[in-house]
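Spelled out from the first residue to the last, the chains are:
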Amino acid sequence: MTTGDKGWLTCRQVLNIMVIFGFMLNYALRVNFTIAIVVMCKTLKNLATNGTALGDDGLAFGNETSAAAALASVSTTTEQSVITEEDKFEWDAYQQNMMLGSFFWGYVLTELPGGRLAEVIGGRRVFGYSMLFASVLTLFLPIAAYTHYVAVVILRAVLGFFLGASWPAIHPLTAVWIPPMDRSKFISNMMASSLGAAITMPICGFLIATLGWQSVFYFTGGISLLWSIIWFLVVFETPAQHPRITAEERNEIETAIGASGKTKKPTYVPWKSILTSPPVWAIILTHGASVFGFFTVVNQLPTYMKYILNFNIKENGLLSSLPYFGKYAMAVMSSHLADHLRKTGALSTTAARKIFTAFAVMTPGFLMIVQVYMGESRSWAVAIFTLALFLNGAVTAGYLGNGLDIAPNFSGTIFGMANTLSSFGGFVSAYMVGVLTNENQTYGQWQIVFWILAVVYIVGSSAYVIMGTGELQAWNNPPERGVANNHEAEEGVPLNQQNQNNKPISS
């Protein structure tokens, strides 16, 4: 791909495009099985919600939701006839849930290590290799399915292990490629995962109907493998390492970041400072609240529709996809607005992060209160749920990229911490709804769920409004151990890459 003065695209534009498609495919690799399992089983059992495929940006793709979308796409007898009985398996509910839930086992293990590894060796390597290995594993899933369900459990766990490292890797990459005032827009690319979810559902449904369930894994794995190869050809760790970047673009990036004269990144993590930092906990608590709310709404919406509103969401495939499209649209719009307001000086970084976080996380809390009183109406319920998910996309302009503001050197570590803890929200959410509604599917019990959601949303966002900040923290550049005259550390260059200019920069 040509870049430069006479090229079509700048190196940053290429990076943006690759990251958008990367997150779309990242999500396709994790949800393809939740869609395909609908027709892989001779009898689809009543799947427990603890089999949810968890998302890093607050997205969840519940079994019932994905099953509904797939069934909506392959609903006719003619379409389903391409799948023979020999291609189906007699998996019981326990086995199905083991295969679906095993993704999470590996996923939570690599969130924090993945973020730190990206800070040390670079986000390009961590994100690229995690996608590469996940792509190859996906191609082998049909073989694993025909071997034994335990083989699928193991493969899905390893798949989660690799994909868990991919999300926090983007923050260190952002720190060295994207000027501070453009980072909200770049972070919104992470929400392309929701776009990927919306597109994956109908595509997988079509593939299943025409070519069989095996084609889902060959298609998503093959496309992701091709993306991985292109990623390593056109994306480089830093502007200084890019062989085709123009001097103008490189100078613009390095000047904006202020990294051209600094020496290197810190060689250790100031864990005490991070763990006792109110701005860090503001990010963690708000991310946890946002993800918990999103898990509950998306995963439990089909159940609520079925038992309370007597409306099965699988009857409308578009309704299943609308929240994902809406979330991505809001992410893009809000991040562009936030960066514009910051660039023009209309809002400080701190004010922008707090306002957009409150808009994205606190507003859905108030909508849940409305749901308590209006939720028995089908039109009101659908509108409120959809609006809540739509508004939540604005987290990209709020807390989601805030780690880059307060500590770009440790942004991967911070996001890894937040995502590791918030991922358990999926299990807590499923357990909560199960306890409240087990054999008691009444509107009164669901009102309790909505009140809990309202409190979590509002309290979580309030924590950020109180403790959050956009100011760079002093511990971002800790003094080197055993070094008397410590120079200021560079913002985003991996430890194994020394800047060619070794002259210290004055602060």
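Residues numbered from 1 in each chain as written. Predicted model: local features only at pLDDT ≥ 70, side-chain atom pairs only at ≥ 80, totals over all residues. Heavy atoms only, no water.

## What to know about the overall build of the protein
The criterion, for reference: Runs of H or I in DSSP of at least four residues are treated as helices and runs of E of at least two as strands, each being numbered from the N terminus. Using a 1.4 Å probe on the protein chains alone, a residue whose accessible area is under 20% of its type maximum counts as buried, one over 50% counts as exposed, and one in between counts as partly exposed. Contacts are assigned to residue pairs that have any heavy atoms within 4.5 Å of one another. All accessibility values rest on the Shrake-Rupley procedure with a 1.4 Å probe; residue burial counts only the protein chains present in the view.
When helices and strands are tallied, the protein shows 22 helices and two strands. Put simply, the protein has 507 residues, and 61% of those count as buried. Residue pairs at least 24 apart in sequence account for 85% of intrachain contacts in the protein once pairs closer than 6 positions are excluded. In the form shown here, the protein has an accessible surface area of approximately 19000 Å², with 64% of it arising from carbon and sulfur atoms.

## Let's talk about unusual backbone geometry
Positioned with a positive phi, Glu439 is a non-glycine residue whose angle comes to about 55°. Within the secondary structure, Glu439 sits in the loop between α21 (425-437) and α22 (443-467).

## Observations regarding α21
In plain terms, the rule: Expected helix span is taken as 1.5 Å per residue step, with the number of steps being one fewer than the number of residues. In this context, the arc is that of the directions from the helix axis out to the C-beta atoms.
Between the first and last C-alpha of α21 there are 18 Å, a value that for 13 residues agrees with the 18 Å anticipated at 1.5 Å per step. The complete set of buried residues in α21 reads Gly425, Gly426, Ser429, Ala430, Met432, Val433, Leu436 and Thr437. Buried residues of α21, seen end-on, are gathered within an arc of 160° and therefore sit on one face of the element. Opposite the buried face of α21, by more than 90 degrees, sit the exposed residues Tyr431 and Val435. Positive backbone phi, approximately 55°, marks Glu439, located one or two places after α21.

## Some remarks on the pattern of salt bridges
For the record, the criterion: Note on definitions: salt bridges are taken to be side-chain nitrogens of Lys or Arg within 4 Å of carboxyl oxygens of Asp or Glu.
Evaluated as defined, the whole model comprises ten salt bridges. The residue Asp182 makes a salt bridge to Lys343 at a minimum N-O spacing of 2.7 Å. With a gap of 161 residues between them, Asp182 in the loop between α9 (166-177) and α10 (183-187) and Lys343 in helix α16 (residues 317-343) connect regions that are remote in the sequence. By relative accessible area, Asp182 is classed as buried at 17%. Connected via shared salt-bridge partners are Asp182, Lys185, Asp339, Arg342 and Lys343.

## Observations concerning the side chain of Ser422
Applied cut-off: Counting of polar contacts relies on pairs of N or O atoms within 3.5 Å, with two restrictions inside protein: one atom must be capable of donating a hydrogen and the other of accepting it, and residues adjacent in sequence are counted only when both atoms are side-chain atoms.
The topology assignment puts Ser422 in helix α20 (residues 411-423). In this structure the side chain of Ser422 is engaged in a polar contact, spanning 3.3 Å, whose partner is the backbone oxygen of Asn419. Residues in contact with Ser422, not counting those within four places in the same chain, are His287, Gly288, Val291 and Phe295.

## Things to note about the nonpolar core
Filter applied, for reference: Here, the term nonpolar core denotes a set of buried Ala, Val, Leu, Ile, Met, Phe, Trp, Tyr and Cys residues that are joined through side-chain atoms within 4.5 Å.
Of all hydrophobic cores here, the largest spans 130 residues; its most connected members are Phe33, Trp91 and Trp231. Top element by residues in this core is helix α1 (residues 11-40). It accounts for 18 residues. The contact partners of Phe33, leaving out residues within four places of it in the chain, are Met40, Trp91, Met99, Leu100, Leu141, Val152, Arg156 and Phe217.

## What about the environment of Met99?
Here Met99 shows up in helix α4 (residues 93-107). Excluding its chain neighbours within four sequence positions, the residues that come into contact with Met99 are Phe33, Trp91, Tyr149, Val152, Val153 and Arg156.

## Let's talk about the confidence of the model for the protein
We count it as follows: By definition, pLDDT measures how confident the predictor is in each residue, and it falls between 0 and 100.
With 81% of its residues at a pLDDT of at least 70, the protein reaches an overall mean of 83. Per-residue pLDDT stays below 50 along residues 495-507; that stretch engages in 32 contacts with residues further than four places along the chain or on separate chains.

## Considerations on the packing of aromatic side chains
In plain terms, the rule: Working definition: rings of Phe, Tyr and Trp (its six-membered ring) pair if their centres are within 6.5 Å, and the pair is stacked with planes under 30 degrees apart, edge-to-face with planes over 60 apart, and tilted otherwise. The criterion for a charge sitting over a ring is simple: Lys NZ or Arg CZ within 6 Å of the ring centre, and within 35 degrees of the ring normal.
One pass over the full model with this rule turns up 23 aromatic pairs. With 6.3 Å between their ring centres and 90° between their planes, Tyr373 and Trp451 make a pair best called edge-to-face. On the criterion of sequence distance, the pair formed by Tyr373 in helix α17 (residues 349-374) and Trp451 in helix α22 is long-range, its members being 78 residues apart. You can call Tyr373 exposed: its relative accessible area is 60%. For Trp451, a relative accessible area of 38% gives the class partly exposed. Ring geometry for Phe385 versus Phe450: centroids 6.0 Å apart, planes at 65°, classification edge-to-face. With Phe385 in helix α18 (residues 378-391) and Phe450 in helix α22, this pair connects stretches of sequence that are 65 residues apart. Overall, the relative accessible area of 5% leaves Phe385 in the buried class. In this structure, Arg124 is placed above the aromatic ring of Phe236, and the distance from its NZ or CZ to the ring centre is 5.4 Å.

## Quick look at the packing of α1 against helix α6 (residues 123-139)
The cut-off we apply is this: Axis lines are fitted to C-alpha atoms, over the contacting stretch for helices. Their N-to-C directions set the angle, which ranges from 0 to 180 degrees. If you view the pair so one helix is near and one far, a crossing is left-handed when the near helix is turned anticlockwise from the far one by less than a right angle, and right-handed when it is turned clockwise. All residues other than Ala, Val, Leu, Ile, Met, Phe, Trp, Tyr, Cys, Pro, Asp, Glu, Lys and Arg, Gly among them, are scored as polar; the first ten of these are nonpolar and the last four charged.
Following both chains from N to C, one finds α1 and α6 inclined at 35°, their axes separated by 11 Å at the closest point. Between α1 and α6 the crossing geometry is left-handed. For the pair α1 and α6, contact is made by Gly22, Phe23, Leu25, Asn26, Leu29 and Asn32 and by Phe127, Met131, Ala134, Ser135 and Thr138, respectively. Looking at the contact of α1 with α6 residue by residue, the classes come out as six nonpolar, five polar and no charged.

## A look at the environment of Cys11
For Cys11, the position within the fold is in helix α1. Sequence separation between Cys11 and Val234 is 223 residues, and the spatial gap between their C-alpha atoms is 8.3 Å.

## Focus: a nonpolar patch on the surface
Definition in use: Put simply, a patch holds well-exposed residues, over 30% relative accessible area, that have no salt bridge, with like charges counted together within 9 Å and Val, Leu, Ile, Met, Phe, Trp or Tyr side chains within 5 Å.
The grouping of Leu109, Val150, Ile154, Val158 and Phe161 at the surface amounts to a nonpolar patch, some 420 Å² of accessible area in total. Along the chain, Ile154 turns up in helix α8 (residues 149-164).

## Digging into α17
Operational definition: Across the chain, bend at a residue is computed as the angle between axes fitted to the seven residues ending at that point and the seven starting from it.
In this model, α17 (26 residues) spans 37 Å end to end at C-alpha, consistent with the 38 Å of a helix rising 1.5 Å per residue. Along α17, the sharpest change in direction is near 30° and occurs at Phe359.

## A short note on the side chain of Gln371
Residue placement: Gln371 occurs in helix α17. Given the relative accessible area of 0%, Gln371 is considered buried. When residues no more than four places from it in sequence are discounted, the contact partners of Gln371 are Trp380, Ala381, Ile384, Phe385, Tyr443 and Phe450.

## Some points on the packing of α1 against α9
Applicable threshold: In what follows, roughly perpendicular refers to angles from 65 to 115 degrees, roughly parallel to angles under 35, roughly antiparallel to angles over 145, and oblique to any angle outside these ranges.
Between α1 and α9, whose axes approach to 12 Å, the crossing angle comes to 175°. One element, α1, and the other, α9, form an angle in the roughly antiparallel class. Listed contacts from α9 to Cys11, Arg12, Leu15, Val19, Phe23, Asn26 and Arg30 of α1 are Ser166, Trp167, Ile170, Leu173 and Trp177.

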